[in-house]
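Residue-level structural notes
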Amino acid sequence: MLNHRCFLTICAGLISLSALIPTAFAQKTPIRIVADLSDAPRKLYHAEVDLPVTQGPVTLTTPKWIPGNHRPTGPVDEITGVVFTADGQTLPWRRDDSDLYQFHVSVPKGVTTLHAHLDCIVTERISQKMAVLEWEKLLLYPANIPVREIPIQPSLIVPAGWGIGTALTPIGSGTYPVPAAGAAGKSAVTDFAVTNVEQLEDSPIISGQYFHEFPLAPDVTPKHYIDVVSDSPEDSNLRPSVLAELNNLVREASTEYASHHYHVYHFLLTLSDVAGGEGLEHGQSSDNGVEEKGFADDSHQLGESDLLSHEFTHSWNGKYRRPFNLYQDDFAKMQQGSLLWVYEGMTQYLGNVLAARSGLKNQEQYRDLLALSAAQLDNKSGRDWRPTEDTAIAASILRGGNPAWSNWRRGQDYYQEGELFWLDADTLIRKLTDNKKSLDDFLKVFLGLGGDTGPEIVTYNREELIKDLNAVVPYDWAKFMHERIDLINTRADVAGIERGGYRLVYRDKPTKSERTLASEGGRRRGGLDCWYSIGLAISGEGQIYDVRWNGPSDKAQLAPGYKIIAVNGHIFSPDALKEAIKAAKGSTDPIHLIVQADTFVSSFSIDYHDGERYPALERIDGTPAYLDDITTARTKTEKAPADKSKKDDSDEN
Ligand SMILES: [Zn+2]
């Protein structure tokens, strides 16, 4: 669809769908929804929904395909206590036989408002002190209508004294009657301005007892905030250094993307060991969850260093510019993932780059983490049978799951593969233009399209990417994409790293950053890293999560799920295994293991003699260090105040 950018507000495809609108909903009165989070400590949400109707059969639905999840994760299985009433009478309902998200109700004569009560059993993003509302937990609206055409006015009830963070526009306190579902101590209802179902689904709320809202980069328009809730009172009061880095992030993104596609932006952040991790992008906000101490010091922060910059970047790349087949006008329709190597892959690249430019991590940490990512891809054997594009097309069946043999299966690799792809493209543009142009020039066209806009959605396809890249520098970009994305590549694309002035190498000691991640955890917490040596992903207790296909442990017939009990005659410990790997170097003796497999015990020998191997980037002397140019701040940076790292993970050992 070259020259065929589809601004959805004028997209002809939407018009024909209006023929499907049931007559019972052909009116402009907004749905009213009151979300009651006052029972959050008991892990229950409630909703009262008033739907404007006329007489006849109506079909209501809850969201199935959740934007940003790229999967049919709407929690219809947790929605309970559904009761429809009209004029005080309870009305019968019937679930659709094939679409289990839909409810059929017959509206009696004379009824103009159908009332629905529903509850949701909430299992994640919630604790005794906080609650996150992603609206698919409570939304109910007429089926088979483009969701942006359904007006809705939301209201919210939270436990007394809890703060509220959201990009929704508050219009004051209301007196909307709420039946006595839930705990005592409700605060006043907060009413929000009328929006539509598409935007409401894109506008989550965080609420909590320990709440802080900080304005960011006051010199930048529109306004930016970070809203934080935590389980411990001290954690929501973010360190001054983190706030300085987020000020930098707002300025760096505003400069890099030469636009904003929101009226206001709220980073929503939960700090809790109970509420779980999250990173979900929205147009005017992002829903971010890290462990309780995730931003408490620099060491913990390293594991989360790209989270906020990644989700923020999505406001441009993903929410505003959206792949044509990932966008659907109705949450009932499958969101197709073939361009996720742009949606997520370019965001992965830019999220890490902006984190480095902002000081959320330093340039050395950027390189260390890039080395880990590139090495992981380069040693992922599933690339022998599965191209990157297939990890994107199959995204909805590749998240999480069993780690066993996951390197042979591959996961959602379009994130990291896309990161290497866009680094390759960035450094190639620099090389072709003698460093006069870069991906920055492409981004100003692709993401900055239209300048500052509201939270719109503008779709694109591969042809537009090629056209916009060619406008920066003529090249065979179609072939460039085809070779890297569509074809089987048995090795990772490290061309961008090398053109950037570095090469991927393996050393006998982990980088400082890898040691920090291993000791402080965060999202990458793991046991001993012996993936690049004997080819095992293993816990500190010897539990084998995964075995590298065709690696030394695979050849020794080890398998995921086995547990190492002893190493070379010693009871297993990470140190004992490390010593055995060291001792085997330069020797012909294999590493002897005693292993428990199910209820049996047996011995294995790993024939491996290359010692410990940990990925790192090494400077290629005499070449341009584009990688360092790329990660250098573009704006005048705020120096982080002197509360930086109390923990000095220095280089001894
Ligand atoms: Zn993402």
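Because the structure is predicted, anything quoted here is derived from the model rather than measured.

Calculation notes
Residues numbered from 1 in each chain as written. Predicted model: local features only at pLDDT ≥ 70, side-chain atom pairs only at ≥ 80, totals over all residues. Heavy atoms only, no water. Salt bridge = Lys/Arg side-chain N within 4 Å of Asp/Glu carboxyl O. Helix = DSSP H or I, 4+ residues; strand = E, 2+ residues; numbered from the N terminus. Buried < 20%, exposed > 50% of the residue type's maximum accessible area, 1.4 Å probe, protein only. Core = buried A, V, L, I, M, F, W, Y, C linked by side-chain atoms within 4.5 Å. Contact = heavy atoms within 4.5 Å. pLDDT = per-residue confidence, 0-100. Donors = N, O, S within 2.8 Å, 3.2 Å for Na, K, Ca; no water. Pairing = 2+ DSSP bridges. Axes fitted to C-alpha atoms, helices over the stretch in contact; angles between N-to-C directions. Phe/Tyr/Trp six-rings, centres within 6.5 Å; stacked < 30°, edge-to-face > 60°. Lys NZ or Arg CZ within 6 Å of the ring centre and 35° of its normal.

Applying the stated criterion across every chain yields a total of 34 salt bridges. Notably, a salt bridge pairs R148 with E198, separated by 2.9 Å at the nearest N-O pair. Residue R148 is found in the loop between β11 (141-142) and β12 (151-157), and its partner E198 is found in helix α2 (residues 197-201); the two are separated by 50 residues along the sequence. E638 is the partner of R251 in a salt bridge, and the nearest nitrogen-oxygen pair spans 2.9 Å. Here the residue R251 occupies a position in helix α3 (residues 240-257), and E638 occupies one in the segment after α19 (626-630), the gap between them amounting to 387 residues. The exposure class assigned to E638 is partly exposed, which follows from its relative accessible area of 30%. Sharing partners across several salt bridges, the network here consists of D424, K479, E483, R484, D493 and R499.

The next subject is the nonpolar core. Ranked by size, the top nonpolar core spans 81 residues in total, and within it I226, L238, W341, W422 and F442 carry the most contacts. When residues in this core are grouped by element, the largest group, 9 residues, is from helix α11 (residues 414-432). With near-sequence residues (within four places) excluded, I226 lies in contact with H212, E213, F214, L216, L238, L243, L246, F267, L269 and L308.

For the chain, per-residue confidence averages 91 on the pLDDT scale, and 90% of positions sit at 70 or higher. Note on residues 178-184: pLDDT under 50 across the span, and 17 contacts to partners over four residues away in sequence or across chains. Counting contacts from residues 644-653, a segment whose pLDDT is below 50, to residues more than four positions away or on other chains yields 20 contacts.

Across the junction of T221 and P222, the peptide omega takes the value 0°, indicating a cis bond. For P222, the location among the structural elements is in the loop between β18 (210-216) and β19 (223-230). The phi torsion at N435 lies on the positive side, around 65°, for a residue other than glycine. For N435, the position within the fold is in the loop between α11 and α12 (439-446). Of note, the phi angle at D598 is positive, near 55°, even though the residue is not glycine. Here D598 lies in the loop between β31 (591-597) and β32 (600-606). According to the relative accessible area criterion, D598 is exposed, its value standing at 66%.

Right, let's get into the coordination of the zinc ion. Only H310 (NE2), H314 (NE2) and E344 (OE) from the protein reach the zinc ion as donors, at distances of 2.0 to 2.1 Å. Sequence spacing of the donor residues for the zinc ion, all on one chain, is H-x3-H-x29-E. With H310 in helix α5 (residues 307-313) and E344 in the loop between α6 (340-343) and α7 (345-358), this pair connects stretches of sequence that are 34 residues apart.

Our focus in this paragraph is the sheet that holds strand β21 (residues 278-281). Here 5 strands make up an open sheet; going across it, the order is β18-β19-β20-β22-β21 and the pairing mixed. Looking at the sheet topology across the chains shown, the edges are occupied by β18 and β21. The average angle at which neighbouring strand axes cross in this sheet is 15°, direction not considered. Alignment of β21 against strand β22 (residues 285-290), held across 4 bridges, turns out to be antiparallel. Note on β22: the bridge partner recorded for E281 is S286. Along the sheet, α3 contacts β18, β19 and β20 (264-271); its crossing angle with β18, the most-contacted strand, is approximately 45°.

This paragraph deals with the packing of aromatic side chains. What the rule picks out here adds up to 25 aromatic pairs. Ring geometry for W408 versus W549: centroids 4.3 Å apart, planes at 5°, classification stacked. Taken together, the positions of W408 in helix α10 (residues 406-409) and W549 in the loop between β28 (544-547) and α17 (552-555) put the pair 141 residues apart, joining distant regions of the chain. On the basis of relative accessible area, W408 is assigned to the partly exposed category, the value being 27%. With 5.0 Å between their ring centres and 80° between their planes, F421 and W422 make a pair best called edge-to-face. W422 carries the same exposure label as F421, and that label is buried. Through a chain of ring-to-ring contacts, the aromatic side chains of W341, F421, W422, F442, F446, Y460, Y475, W477 and F480 assemble into a single cluster. The aromatic ring of F480 is capped on one face by R484, whose charged end is 3.7 Å from the ring centroid. The ring of Y502 has R619 lying over it, and the distance from NZ or CZ to the ring centre is 5.6 Å.

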